[in-house]
Amino acid sequence: MVNEYNIALILKVFPGLVVAGTIVLSSPLHVQANILSSIAGMFVSNTDAAAPESNGNSQTMPILQAAINSDPNPFKGSEDIALVAGSALISENGPAGASATNATVDKTSSDTISVYTVRDGDTLSAIASMFNISANTIMWANDLKSKTLKIGQQLVILPINGVKHVVVKGETLSSIAKKYKGDMQDIREFNNLGATAVLSIGDEIIIPEGEVSIDVPASAVSQTARAIAKLPLYDGYYTRPVIGGVRTQGVHGHNGIDVGLKVGSPVYASAGGTVILSKSSGYNGGYGQYIIISHPNGTQTVYGHLSQNFVSVGTKVVQGQNIGLSGNTGRSTGPHIHFEIRGARNPF
């Protein structure tokens, strides 16, 4: 601890600090404390300075590897969609006036994709609780067929927005998927429903990325627009990830766009950064083969539905570097690339 005795002792041993003291005293208080504490630390014994060590699994230790996302909920309020009366999503692309009487929304508070390494003692439910998502979200995003985990296994923590629907008389999986513009395969995989599964009245199912639109006042829509506008705009920071092609869908989902172009077209890094994920096979929550790059400004870019990946986890890339080829993998109705910017507005 820095007290009057320590300060006097420091100035006696280091008289030259009298001059530096003028700088210290003119600095913010926390800077003064840091400087004096650092010097006073030389007079503290190793026994006094030692800190107790802690042991435990992911519930008592830092939970992320490679400092990809130190807070499971870092972007509170930054999503590009909004809740209406706590029960529905406003969707720019959804049909206007759709009823939402038997639907609610499961909405995560983080917009950042993370990579988690399984530790001894971890369970799927415990990891899901850490990130405020469901266990099914983790299983769906990682193509898991069981809840058994292995130490050292890497899991993609994919924030997902979904509509929770309560089945009523006469509904089928097909009619529910159509109602919320969902994908049949996604719904089956997310809810662990087999090909022959039959829905019963009262069953609750999640439609991943389902869209619900209701009649809302113009003020609510303007609030959504303002929420989108609050995302930072890094003018000129990103470049278009492909050359040519036609934008087939505007901003949707997690701040993404779709660009239709033939399979095998080059895909380029929109900005420089580090590859934190490179999936070269699997459905992967609909992304198919995809790449995620983390950028120095704290954002991430996602490149989905690829046919080939040219980079691996840990690769440092520069803006404009060819990182893969476009494709038609995952949830895709035709050759295209799905491009997202997480944590900033998408200028494309």
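What you see is a predicted model; the values in this text were computed from it and never measured.

> Summarise the overall build of the chain; cite the residues concerned and give the values.
The helix and strand inventory of the chain stands at nine helices and 16 strands. Counting the 348 residues in the chain, one finds 44% classified as buried. If you take every contact in the chain between residues at least 6 apart in sequence, the share linking residues at least 24 apart comes to 70%. Accessible surface, the chain: about 17600 Å² in total, of which carbon and sulfur atoms supply 56%.

> Explain the confidence of the model for the chain to me, using residue names and the numbers behind them.
Per-residue confidence for the chain averages 72 on the pLDDT scale, and 64% of its residues sit at or above 70. In this model, residues 1-101 is a region of pLDDT below 50 whose contacts with residues beyond four sequence positions or in other chains number 143 contacts.

> Describe the side chain of Glu-340, naming the residues involved and giving the relevant values.
Within the element layout of this structure, Glu-340 appears in strand β16 (residues 336-342). Since its relative accessible area comes to 2%, Glu-340 is described here as buried. Separated by 2.7 Å, the side chains of Glu-340 and Tyr-287 make a polar contact. Those residues in contact with Glu-340, other than ones at most four positions away along the chain, are His-254, Asn-255, Gly-256, Tyr-287, Gln-300, Thr-301 and Val-302.

> Lay out the pairing of strand β8 (residues 246-252) with the relevant residues and their values.
Regular strands have side chains that alternate between both faces of the sheet. Across four bridges, β8 lies against strand β9 (residues 256-260) in antiparallel orientation. Bridge assignment links His-252 to a residue of β9, and that residue is Gly-256. Taking the residues that link successive antiparallel strands as the turn, the β8-β9 hairpin has three residues, and the phi of Gly-253 there is positive, at about 55°.

> Outline the pattern of salt bridges, supporting the account with residue identities and numerical values.
A complete count under the given rule lists two salt bridges for this structure. The salt bridge involving Arg-331 is made with Asp-186; its shortest N-O contact spans 2.5 Å. Of this pair, Arg-331 sits in the loop between β15 (322-326) and β16 while Asp-186 is found in helix α8 (residues 184-190), placing the two residues 145 residues apart along the sequence. Among the salt bridges present, the one from Glu-340 reaches Arg-342, with a minimum N-O distance of 2.8 Å.

> Outline the packing of aromatic side chains, listing residues and values.
Geometry of an aromatic ring pair is reported as the spacing of the ring centres plus the angle between the planes. Within the structure shown, the criterion is met by seven aromatic pairs. Aromatic pair Tyr-116 and Phe-131: ring centres 6.2 Å apart, planes at 75°, arrangement edge-to-face. With Tyr-116 in strand β4 (residues 114-117) and Phe-131 in the loop between α5 (124-130) and α6 (135-141), this pair connects stretches of sequence that are 15 residues apart. Each member of the pair, Tyr-116 as well as Phe-131, carries the same accessibility label: buried. Relative to Phe-190, the ring of Trp-140 lies with its centre 5.6 Å away and its plane at 70°, an arrangement referred to as edge-to-face. One end of the pair, Trp-140, is in helix α6; the other, Phe-190, is in helix α8, with 50 residues separating them in the sequence. Its relative accessible area of 3% is what places Trp-140 among the buried residues. The exposure class assigned to Phe-190 is buried, which follows from its relative accessible area of 4%.

What counts, and at which threshold
Residues numbered from 1 in each chain as written. Predicted model: local features only at pLDDT ≥ 70, side-chain atom pairs only at ≥ 80, totals over all residues. Heavy atoms only, no water. Helix = DSSP H or I, 4+ residues; strand = E, 2+ residues; numbered from the N terminus. Buried < 20%, exposed > 50% of the residue type's maximum accessible area, 1.4 Å probe, protein only. Contact = heavy atoms within 4.5 Å. Areas by Shrake-Rupley, 256 points an atom, 1.4 Å probe, with all protein chains shown as cover. pLDDT = per-residue confidence, 0-100. Polar contact = N/O pair within 3.5 Å; in protein donor to acceptor, adjacent residues only side chain to side chain. Pairing = 2+ DSSP bridges. Salt bridge = Lys/Arg side-chain N within 4 Å of Asp/Glu carboxyl O. Phe/Tyr/Trp six-rings, centres within 6.5 Å; stacked < 30°, edge-to-face > 60°.

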